[in-house]
Amino acid sequence: MNKIQNYIDGKMLPPQSGLWLDNVEPATGKCYSLVPDSDSRDVGAAVKAARRAFPPWSSTHITERSAILHRIADVIESRLETFAQAESIDNGKPLWLSRSVDIPRCASNFRFFANLVTSTESQSHHSQGVVNYTLRKPLGPVACISPWNLPLYLFTWKIAPALAAGNTVIAKPSEVTPMTAFMLGELCAEAGLPDGVLNIVHGSGSRTGNALVDHDDIQAISFTGGTATGKHIASVTASKLKKISLELGGKNPNLIFADCDYELMLQTTLRSSFANQGQICLCGSRIYIQRSLYGKFREDFVARVKQLRVGDPNEPDSNQGAIVSQQHFEKVLGCIETAKREGGKVLCGGHQANLSGRCEHGWFIHPTVIEGLANDSQTNQQEIFGPVVSIAPFDDVDDAIEKANESQYGLAATIWTSDLTAAHRVADEVEAGIVWINCWLERDLRTPFGGMKQSGLGREGGMEAMRFWTEPKNVCIKF
Ligand code: NAD
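Each value, and the rule that gives it
Residues numbered from 1 in each chain as written. Predicted model: local features only at pLDDT ≥ 70, side-chain atom pairs only at ≥ 80, totals over all residues. Pairing = 2+ DSSP bridges. Helix = DSSP H or I, 4+ residues; strand = E, 2+ residues; numbered from the N terminus. Buried ≥ 20, exposed ≤ 12 C-beta atoms within 10 Å, placed from the backbone. Near = placed C-beta within 6 Å. Nonpolar A, V, L, I, M, F, W, Y, C, P; charged D, E, K, R; others polar. Axes fitted to C-alpha atoms, helices over the stretch in contact; angles between N-to-C directions. Contact = placed C-beta atoms within 7 Å. Parallel < 35°, antiparallel > 145°, perpendicular 65-115°, else oblique. Left-handed = near helix turned anticlockwise from the far one by under 90°. UniProt positions renumbered as here; feature names shortened; annotations may be inferred. Expected span 1.5 Å × (residues − 1). Domains from an automatic or database assignment.

S.K.: I'd like a description of the sheet that holds strand β1 (residues 2-3), backed by residues and values.
M.R.: With mixed pairing, the 3 strands of this open sheet are ordered in space as β1-β5-β4. Of all strands in the sheet, those bounded by a partner on one side alone are β1 and β4 (20-25). The sheet contact formed by β1 and strand β5 (residues 30-36) spans 2 bridges and is parallel. Considered in β5, the bridge of Lys-3 is made with Leu-34.

S.K.: Quick rundown of unusual backbone geometry? Include the residues and the values.
M.R.: Positive phi values are uncommon outside glycine, yet Asp-9 reaches one of about 55 degrees. Summarising the element assignment, Asp-9 is placed in the loop between β2 (6-8) and β3 (11-13). Asp-9 sits in the partly exposed class, given 18 other C-beta atoms within 10 Å.

S.K.: An account of the site of the ligand is needed here, citing residue identities and associated values.
M.R.: Around the ligand lies a shell of 32 residues, among which Pro-147, Gly-205, Gly-209, Gly-225 and Thr-229 are the nearest. Broken down by secondary-structure element, the contributors of at least two residues to the shell around the ligand are α7 (205-214) and α8 (227-238). By residue number, the principal contributor to the shell around the ligand is α7, which donates 5 residues. A per-class count over the shell around the ligand returns 10 nonpolar, 18 polar and 4 charged.

S.K.: Go over the sheet that holds strand β17 (residues 388-394), please, and point to the residues and values.
M.R.: With respect to topology, 7 strands assemble into an open sheet ordered β15-β16-β17-β14-β13-β19-β20, the strand pairing being mixed. Each edge of the open sheet carries a strand with a single partner, namely β15 (345-348) and β20 (434-437). Each neighbouring strand pair of the sheet contributes to a mean axis angle of 25 degrees, computed without reference to strand direction. Relative to strand β14 (residues 284-290), strand β13 (residues 252-256) is paired through 5 bridges, and the arrangement is parallel. Residue pairing across strands places Ile-256 opposite Ile-289, the latter belonging to β14. Here helix α10 (residues 291-307) sits on the sheet in contact with β13, β14, β15, β16 (368-371) and β17, set at roughly 140 degrees to β14.

S.K.: Can you explain the packing of helix α2 (residues 62-78) against helix α4 (residues 95-119)? Please cite residues and give values.
M.R.: Running from N to C, α2 and α4 point in directions that differ by 165 degrees, and their axes come no closer than 8 Å. Considering the angle they form, α2 stands roughly antiparallel to α4. In this structure, α2 crosses over α4, and the sense of that crossing is left-handed. Along its contact with α2, which presents Ile-62, Thr-63, Arg-65, Ser-66, Leu-69, His-70, Ile-72, Ala-73, Ile-76 and Glu-77, the element α4 presents Ile-103, Cys-106, Ala-107, Phe-110, Arg-111, Phe-113, Ala-114, Val-117 and Thr-118. Its residues placed into classes, the contact of α2 with α4 shows 12 nonpolar, 4 polar and 3 charged.

S.K.: Please set out the UniProt feature "domain: Aldehyde dehydrogenase" (unreviewed entry) in the protein chain residue by residue, giving values where relevant.
M.R.: Under the UniProt annotation, the feature "domain: Aldehyde dehydrogenase" (unreviewed entry) is placed at residues 21-475. Across residues 21-475 one finds 43% helix and 21% strand; the C-alpha atoms that close the span lie 50 Å apart.

S.K.: Which residues make up helix α9 (residues 262-274), and what values do they have?
M.R.: Over its 13 residues, α9 runs 18 Å from end to end, which matches the ideal 18 Å to within 8%, given 1.5 Å per residue. As for α9, its buried residues are in contact with β13, β14, α10, β17 and β19 (412-416). Positive phi appears at Asn-276, one or two residues downstream of α9, with a value of about 55 degrees.

S.K.: Let's hear about the domain arrangement of the protein chain: which residues, and what values?
M.R.: In terms of domains, the protein chain is made up of domain 1 (2-248 + 455-478) and domain 2 (253-450). Taken over C-alpha atoms, the centre of domain 1 sits 30 Å from the centre of domain 2. Listed as interface residues are 29 residues of domain 1 and, on the opposing side, 28 residues of domain 2. Those elements that provide at least two residues to the side of domain 1 that touches domain 2 are α3 (80-91), α4 and α15 (462-468). A total of 5 residues in the side of domain 1 that touches domain 2 trace back to one element, the largest contributor, which is α4. Taken together, the residues of the side of domain 1 that touches domain 2 break down into 11 nonpolar, 13 polar and 5 charged.

Here it is in structure tokens:
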């Protein structure tokens with residue numbers, strides 16, 4: 001059995017604990033490699049390496065740091081197919097998706113921050129006889145912790161700005177999808193990244209994650225994952241005054257007005273509901289439709305959803321792949337049962353998809369549309385993070401905003417209308433960190449990315465990320 005290794009101080013190493021976790025292919029249900037379940041000794045070795053590497057890396061000229069990050073992107077691009085296949089096997093997502101979205105975006109993450117660090121302006125403030133200028137200093141060894149839904153995409157979204165800003169990094173991918181993070185470690189030396197600058201430590205949240213966030217020498221933590229985990233990290237790091245950025249769960253509303261571009265809305269809503277089996281934090285899972293359009297939308301949407309093909313992630317015509325793990329598969333099916341108990345009517349899907357051959361024992365669920373649920377039902381309030389959406393009518397702009405905001409979460413919202421005034425008003429009043437009008441998942445890497453309420457703390461993206469990964473130091477000169 002293949003054994004994934006930790007990448008510490010430029011070396012591939014087994015866990016000192018000798019403990020390994022199974023790494024399972026969701027499409028087949030079979031274990032195909034083992035993952036280290038690292039403990040505080042492995043984390044300690046990684047932090048030691050990162051501390052030693054920090055002075056030279058933080059004083060490396062930005063053009064050289066930038067060049068190394070570009071080389072990492074070059075190597076990822078040169079191995080795009082190998083990475084895409086590994087991501088699809090590990091996560092269950094269709095191969096066409098990892099090939100066209102996930103892996104190209106990993107390379108873009110490195111390129112974007114490689115460019116940004118060489119084009120960033122510094123601040124200065126002038127007044128009579130006094131000038132202030134602000135230095136932005138890297139923090140030291142920092143931690144990046146990421147989830148399983150977009151494994152290498154979200155992993156590199158944190159690592160790239162942290163390295164660009166001059167920090168050294170200890171990164172922990174999800175133990176559910178560790179393969180491409182391991183492969184990233186393998187290419188670092190080839191790209192010229194000095195030993196110890198990036199360290200990748202694998203393992204469970206309870207063992208490896210806890211050891212990492214608890215380590216006194218970790219200066220800042222960027223975390224993406226569930227809200228409960230985020231709160232735990234916030235509580236254990238508070239007493240040590242560590243800087244944290246938390247990208248957490250969501251329950252995103254789609255607000256569809258009767259005057260929208262109907263066909264574009266329908267196609268996009270299909271994607272925003274079920275892309276990556278609904279396992280994208282930005283997927284819309286509460287779909288509200290203006291009452292006059294409700295019947296037509298319900299009929300057309302359900303007809304399109306029924307046409308989505310759930311299949312082997314390797315097959316190019318599979319719209320939907322596997323759910324990431326047995327545990328998550330059971331959770332999603334459990335949520336559908338809860339919806340039924342709450343009085344929800346399942347309009348399509350609602351059950352496991354049974355595939356044959358290679359995928360006979362994989363974890364597949366038919367995309368599911370449910371109606372008839374109260375806005376305050378558990379189904380409409382708790383994150384499912386799977387191929388399940390609920391639909392409900394609204395009456396007017398006020399009603400749409402009220403329904404959208406009746407949620408503990410505030411990550412993203414999507415608005416469909418051709419009325420500019422209504423669009424701006426909803427965008428202004430909806431409680432979400434990211435609002436899309438007449439589109440979904442249009443991403444400009446310069447924009448602030450993150451959520452409000454229980455969806456997180458802080459923002460990633462562009463200068464927000466560079467600010468997070470640096471400490472401002474103001475210098476005042478009187479002349
Ligand atoms: P999770 O919180 O279970 O795990 C995320 C990461 O944290 C994993 O690497 C895990 O090992 C680690 N972890 C778990 N417990 C830890 C602890 N005590 N200390 C330190 N690390 C710990 O989340 P998940 O199930 O992997 O991911 C799904 C969640 O991620 C969903 O809630 C989804 O909405 C969220 N998510 C949010 C965004 C966003 O940008 N807001 C993006 C993607 C996913």
